[in-house]
Amino acid sequence: MRDKAAALPPGYQIVTLPNADVPNFQRRVVYCPGSKHVLGGGGEARGNGAILVGSFPREDGRGWIALGRQIGYNDVGISVFAICAD
């Protein structure tokens with residue numbers, strides 16, 4: 001049986017920016033630590049009627065951005081996740 005950890009890229013790490021309420025359409029950003037770069041990521045909009053509007057890497061490849069909105073409210077709960085490696 002193959003070791004799952006051996007298949008991961010060097011320095012593999014998932015970084016999470018926990019849920020927080022922010023104004024609708026405000027970007028939340030999670031950064032890769034040290035000199036690591038983002039391989040992928042995502043975001044989650046939390047709340048009744050919450051919608052994830054965007055989820056994409058930073059242009060410099062050092063983190064992940066997510067934003068959302070919640071219909072009928074002034075703010076939305078957003079969590080952001082980045083998959084990082086050396």
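Residue numbers restart at each chain and count upward from 1, following the sequence in its written direction. pLDDT decides what is reported in this predicted model: residues at 70 or higher carry local features, side-chain atom pairs at 80 or more are listed and counted, and totals for whole chains, interfaces and linings draw on all residues regardless. The side-chain values count all of the structure's non-hydrogen atoms but skip hydrogen atoms and water molecules.

## Points about the nonpolar core
Phase 1 of the analysis: Grouped together as the largest cluster of nonpolar side chains are 13 residues, with contacts concentrated most on V30, W64, I78, V80 and A82.
Phase 2 of the analysis: The element contributing the most residues to this core is strand β6 (residues 75–85), with five residues.
Phase 3 of the analysis: It only takes one pair of heavy atoms within 4.5 Å for two residues to be counted as in contact. Excluding residues that lie within four positions of it along the chain, V80 makes contacts with V15, T16, L17, R28, V30, G42, G43, W64, I65 and A66. Buried Ala, Val, Leu, Ile, Met, Phe, Trp, Tyr and Cys residues form a nonpolar core when they are joined through side-chain atoms within 4.5 Å. Only protein chains enter the accessibility calculation, which uses a 1.4 Å probe; a residue is then buried when its area is under 20% of its type maximum, exposed when over 50%, and partly exposed in between. Numbering of helices and strands runs from the N terminus, with a helix taken as a DSSP run of H or I at least four residues long and a strand as a DSSP run of E at least two residues long.

## Some details on the pattern of salt bridges
Phase 1 of the analysis: In the sections that follow, a salt bridge refers to a side-chain nitrogen of Lys or Arg positioned within 4 Å of a carboxyl oxygen of Asp or Glu. Using the criterion set out here, one finds two salt bridges in the structure.
Phase 2 of the analysis: R58 is the salt-bridge partner of D60, the closest N and O atoms lying 2.5 Å from each other.

## A short note on unusual backbone geometry
Residues other than glycine predominantly adopt negative phi, and peptide bonds predominantly adopt the trans conformation.
Phase 1 of the analysis: One non-glycine residue with positive phi stands out, namely F25, at about 70°.
Phase 2 of the analysis: Of note, F25 is situated in the loop between β1 (13–23) and β2 (28–31).

## As for the sheet that holds β2
Phase 1 of the analysis: The three strands lie next to each other as β2-β5-β4, forming an open sheet whose pairing is antiparallel. The sheet is open, and its two edges are formed by β2 and β4 (50–57), each paired on a single side. Adjacent strand axes in the sheet meet at a mean angle of 20° when their direction is disregarded.
Phase 2 of the analysis: As defined by bridge partners, β4 adjoins strand β5 (residues 63–70) across seven bridges and the pair is classed as antiparallel. Paired with L52 across the strands is G68, a residue of β5. What makes two strands pair is DSSP finding at least two bridges between them. Only the stretch in contact is used when fitting a helix axis, every axis being a line fitted to C-alpha atoms; angles between N-to-C directions are given from 0 to 180 degrees.

## Remarks on the state of the cysteines
Phase 1 of the analysis: The rule for a disulfide is simple: a pair of cysteine sulfur atoms within 2.5 Å. Scanning the model with the defined rule gives one disulfide in all.
Phase 2 of the analysis: One disulfide in the model links C32 with C84; its S-S distance is 2.1 Å. Handedness here is read from the sign of the S-S torsion; for C32 and C84, about -80°, the answer is left-handed. Residue C32 is found in the loop between β2 and β3 (37–46), and its partner C84 is found in strand β6; the two are separated by 52 residues along the sequence. Take C32 and C84: they sit in the same class, and that class is buried.

## Some points on the environment of N24
Phase 1 of the analysis: Relative to the elements of secondary structure, N24 occurs in the loop between β1 and β2.
Phase 2 of the analysis: Judged by relative accessible area, N24 falls into the partly exposed class, the value being 22%.
Phase 3 of the analysis: Spatially, the C-alpha atom of N24 lies 9.7 Å from that of I78, the residues being 54 residues apart in sequence.
Phase 4 of the analysis: If we ignore the near neighbours within four places in the chain, the residues touching N24 are G68, R69, Q70, Y73, N74, D75 and V76.
Phase 5 of the analysis: In this structure the side chain of N24 is engaged in a polar contact, spanning 2.9 Å, whose partner is the backbone nitrogen of Q70. Any N or O atom pair separated by 3.5 Å or less is treated as a polar contact, with the protein-specific requirement of one donor-capable and one acceptor-capable atom, and with residues adjacent in sequence counted only for side-chain atom pairs.

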